[in-house]
Amino acid sequence: MAETMLAAPIASNLRENEFQRYYEEAGPDYAAWSAGFNMHFGYLRRGANPLNREDMLEEMNRQVLQRLRVTGDRPRILDLGCGLGATLRSIARALPSAQLHGITLVPWQLEQGRRLNQGSERSRKIELRVADYEDTAFPAETFDALYAIESSCYGTGANKAQMICEAHRLLRPGGRLVVADGFIGPGKLRGPQWAVYRKLCECWVIETLGEIGPFVSELENAGFHDLAVEQIQARVAPSVFHVPWVTVKFLLTSVLLRGRKMTRARWNNVLAPILLPLVGYPIGPVAYFLVSATRR
Ligand SMILES: C[S@@+](CC[C@H](N)C(=O)[O-])C[C@H]1O[C@@H](n2cnc3c(N)ncnc32)[C@H](O)[C@@H]1O
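What you are looking at is a predicted structure, and each value in this text was computed from that prediction instead of being measured.

Basis of the calculations
Residues numbered from 1 in each chain as written. Predicted model: local features only at pLDDT ≥ 70, side-chain atom pairs only at ≥ 80, totals over all residues. Helix = DSSP H or I, 4+ residues; strand = E, 2+ residues; numbered from the N terminus. Rg over C-alpha atoms; globule rule 2.2 N^0.38 Å. Buried ≥ 20, exposed ≤ 12 C-beta atoms within 10 Å, placed from the backbone. Contact = placed C-beta atoms within 7 Å. Axes fitted to C-alpha atoms, helices over the stretch in contact; angles between N-to-C directions. Parallel < 35°, antiparallel > 145°, perpendicular 65-115°, else oblique. Left-handed = near helix turned anticlockwise from the far one by under 90°. Nonpolar A, V, L, I, M, F, W, Y, C, P; charged D, E, K, R; others polar. Pairing = 2+ DSSP bridges. Right-handed = clockwise from strand over helix to strand, strands pointing away. Expected span 1.5 Å × (residues − 1). Core = buried A, V, L, I, M, F, W, Y, C linked by C-beta atoms within 7 Å. Near = placed C-beta within 6 Å.

Let's talk about the overall build of the chain
- Tallying secondary structure elements over the chain gives 10 helices and 8 strands in all.
- Over its C-alpha atoms the chain spans a radius of gyration of 18 Å, differing by no more than 12% from the 19 Å that the globule rule assigns to 296 residues.
- By principal-axis analysis of the C-alpha atoms, the chain measures approximately 50 × 45 × 45 Å.
- The burial tally for the chain puts 45% of its 296 residues in the buried class.
- Partitioning the intrachain contacts of the chain with sequence separation of at least 6 by distance along the chain shows that 77% fall at a separation of at least 24.

In structure tokens form, the structure reads like this:
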């Protein structure tokens, strides 16, 4: 029972309810996006096929793992906002000896993720639990590496200070943190872009995206060094271009043919990626970043 309760709920009860509803109702729809339930955008490596979406989504997992620079026999790695555990399963394939943990705020994802992890000997050892990455119950200096893929955006405030502070506490000295996400900046939202941005946040039940300048300053203040800030919009854009096609196919098969009811949360999940390019680079200041840092 304790495991299905939220450790430290997000900002308000209203938003928490919306957040849970969004992931419970729209969660199964991610099957239309990714066979492996990767709940993020992809990374197009040089020479790869931009039509192969799943390969680009898996490549994002590989790029994050590469930047974690894990070494040693049984590195301990934690996914801060693991969704259905797709990235952890990728890492389990690449590093069978790693001790892998994932946390999410959504009990439904925990159940589904555990079910998907039963698919192979390696992924069966992954440990998932419901916890808030701003305040986990793990002891200090438990992990060699932490990452957050498209989950840091849910953290409090534009600098995500609470998430960063907890990440610093959880890492051993020399441990690595990698964050892959959309951020605002360095430019600013202008005029009508504010309305689009607010609707985008409402759709994904986000308080505010991170702002890249304050986020990086916060990492330095918290005690991270060796910072690398990569703007990878061009690598991510090819997977964003899949959104209209996947949306049309999804609406035809899931709604028209199978007659599944579209709830507000499910419509929001369709609308958000369509709004994203309207505030995204180069029209707007929202861009995708890979930020890596080492704990002092
Ligand atoms: C868009 S999904 C990304 C999931 C996964 N990283 C992936 O790429 O497949 C965002 C995830 O962040 C998680 N999340 C958001 N805020 C969180 C918090 N404060 N603590 C833990 N997980 C959180 C959600 O529960 C969800 O699993």
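A few points about the packing of helix α2 (residues 53-68) against helix α3 (residues 86-94)
- Remark: α2 packs on α3, axes separated minimally by 10 Å, with the N-to-C direction vectors making an angle of 65°. The angle between α2 and α3 places the two elements in the roughly perpendicular class. Here the hand of the crossing between α2 and α3 comes out right-handed. Counted together, E58, N61, V64 and L65 of α2 and T87, S90, I91 and A94 of α3 form the full contact between these two elements.
- In the contact of α2 with α3, the residues fall into 4 nonpolar, 3 polar and 1 charged.

Thoughts on the pairing of strand β4 (residues 143-149)
- Counting buried residues along β4, 7 of its 7 residues qualify, which places the element largely inside the surrounding structure.
- Judged from the 3 bridges that link them, strand β1 (residues 76-80) and β4 form a sheet pairing that is parallel. Across the sheet, I77 pairs through a bridge with A145, a residue of β4.
- As judged from the 6 bridges shared by β4 and strand β5 (residues 171-184), these two strands associate in the parallel manner. Bridge pairing in β5 links F143 to L171.
- What joins β4 to β5 is helix α5 (residues 161-170), and the crossover it makes is right-handed.

Section: α2
- Taking 1.5 Å as the rise per residue, α2 with 16 residues should run 22 Å; its terminal C-alpha atoms sit 23 Å apart, in good agreement.
- Looking at α2, one finds that the buried residues are R53, M56, L57, E58, M60, N61, V64, L65, R67 and L68.
- Those residues of α2 that are buried lie in contact with β1, α3, β4, β5, α8 (233-240) and β8 (286-295).
- Within two residues after α2, R69 carries a phi angle of roughly 45°, on the positive side.

Considering the nonpolar core
- Judged by nonpolar contacts, the single largest core of 71 residues is most densely connected at L146 and Y147.
- Contacts of L146, omitting those with residues within four sequence positions, involve L78, L80, A167, L170, L171 and L177.

Focus on the environment of L84
- Structurally, L84 is set in the loop between β1 and α3.
- As a C-alpha pair, L84 and L252 span 168 residues in sequence and 25 Å in three-dimensional space.
- Apart from the residues lying within four places of it in its own chain, the contact partners of L84 are F37, M39, Q109, Q112, G113 and L116.

Considerations on the site of the ligand
- Neighbouring the ligand are 20 residues; M39, G81, G83, S151 and Y154 lie closest to it.
- Of all the secondary structure elements, the ones that give two or more residues to the shell around the ligand are α3 and β2 (99-104).
- By residue class, the composition of the shell around the ligand is 9 nonpolar, 8 polar and 3 charged.

A few points about the environment of A167
- For A167, the position within the fold is in helix α5.
- Separated by 22 residues in the primary sequence, A167 and A145 have C-alpha atoms spaced 9.4 Å apart.
- Those residues within four positions of A167 in sequence are excluded, and the remaining contacts are L80, L146 and L177.

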